[in-house]
Amino acid sequence: MTLSQLDYIVAVDTYRHFATAADACHVTQPTLSMQIQKLEDELGVLVFDRSKQPVVPTETGQAILAQARDVLRAARRIPEIVSESKEDFRGDFRVGIIPTLAPYLLPYFIGEFMGKYPTVSVHVQELMTEQVVEKLRNGLIDVGLVVTPLEENGITEIPLFQEPFVAYAADSNPLLRKATVSSTDLLSDGLWLLTEGHCFRTQVMNLCGADRHSNGKTALQYETGSLETLIKLIDKQDGFTLLPYLATLDMDAVRQARLRPFDAPAPVREVSLVMHRSFLKRQLINAFRQEILAHLPSELVNATRLGTVMNVR
């Protein structure tokens with residue numbers, strides 16, 4: 001068997017379509033199909049069940065594919081060792097980041113990172129946490145920026161910082177009568193939420209109480225994928241929401257006045273780099289981590305050092 005054949009079967013497993021896999025591997029479909037058939041003949045087993053659409057691996061094929069991914073990662077590590085010994089970072093660097101982090105964290109460091117490593121082509125995708133994990137497993141991204149802990153087998157987590165939650169309320173909302181808020185203050189109606197699938201929504205619900213009910217007046221019946229949308233709705237309507245601290249830093253004075261911190265212990269979310277356990281581009285990922293930490297707002301650095309915080313999962 002050859003590394004190319006392993007590349008081909010991994011591509012088919014990733015895309016579940018022979019033509020798409022061939023395009024991704026920059027070969028014709030007949031070439032890809034012929035090489036996979038040749039590999040199956042050599043092994044004496046079928047890697048894929050072609051009777052199903054989309055194509056799926058056989059039970060034996062699943063074990064072969066898992067090993068193939070490990071072999072390919074190990075092979076790709078060899079030229080990276082050489083590059084790292086020369087401190088010669090180059091090539092693609094693929095990053096997945098959740099939407100509630102991307103617009104607020106990336107601007108702090110991404111320009112400086114690209115300036116330091118001009119021969120690295122950085123590709124950033126906004127993805128849900130589940131998509132980040134899936135793409136890491138399939139080798140489609142190199143690293144993710146997500147909220148942890150994930151407790152996913154085969155995924156390595158490197159905590160970066162703890163980001164506090166803050167409450168944001170409409171001018172008429174009773175929360176603004178308080179200097180600080182507590183989790184019990186969040187039991188009132190009027191909570192606006194992100195849509196299903198966002199980890200920040202889950203964290204807010206866990207903090208507020210998963211069994212809470214709305215009177216039908218606001219957010220539990222209107223959901224969005226954008227924190228900025230929530231903010232604007234509250235500005236014009238009523239109610240309140242919770243925001244991660246980074247989302248508040250560029251607010252004008254009017255919006256700043258609608259923010260309220262939490263009583264101690266303040267709820268926080270843990271932001272981490274995540275990668276596959278046999279991850280590649282190790283020194284580049286470490287440089288990426290150092291650049292993030294070097295450009296964090298001082299308030300986040302301090303929050304990470306505090307002992308009076310409550311990690312919300």
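Preceding this section is the structure that the text describes.
Looking only at helices and strands, the protein has eleven helices and twelve strands in total. Scored against the burial criterion, the 313 residues of the protein give a buried share of 47%. For the protein, long-range pairs separated by at least 24 residues make up 75% of all intrachain contacts whose partners lie at least 6 apart in sequence.

Bringing the packing of helix H5 (residues 102–116) against helix H10 (residues 282–294) into the picture now. Contact geometry of H5 with H10 gives a least axis separation of 9 Å together with a crossing angle of 130°. Comparing the axis directions of H5 and H10 gives the class oblique. Where H5 crosses over H10, the two elements pack in a sense that is right-handed. Where H5 approaches H10, its residues Leu105, Phe109, Ile110, Glu112, Phe113 and Lys116 are matched on the opposing element by Leu284, Ala287, Phe288, Glu291 and Ile292. By residue class, the composition of the contact of H5 with H10 is eight nonpolar, no polar and three charged.

A separate point is the environment of Gly61. Its place among the elements puts Gly61 in helix H4 (residues 59–85). Its relative accessible area of 0% is what places Gly61 among the buried residues. For Gly61 and Phe48, which are 13 residues apart along the polypeptide, the C-alpha to C-alpha distance reads 6.3 Å. What Gly61 contacts, discounting residues up to four positions off in sequence, is Leu46 and Val47.

The rules behind each value
Residues numbered from 1 in each chain as written. Predicted model: local features only at pLDDT ≥ 70, side-chain atom pairs only at ≥ 80, totals over all residues. Heavy atoms only, no water. Helix = DSSP H or I, 4+ residues; strand = E, 2+ residues; numbered from the N terminus. Buried < 20%, exposed > 50% of the residue type's maximum accessible area, 1.4 Å probe, protein only. Contact = heavy atoms within 4.5 Å. Axes fitted to C-alpha atoms, helices over the stretch in contact; angles between N-to-C directions. Parallel < 35°, antiparallel > 145°, perpendicular 65-115°, else oblique. Left-handed = near helix turned anticlockwise from the far one by under 90°. Nonpolar A, V, L, I, M, F, W, Y, C, P; charged D, E, K, R; others polar.

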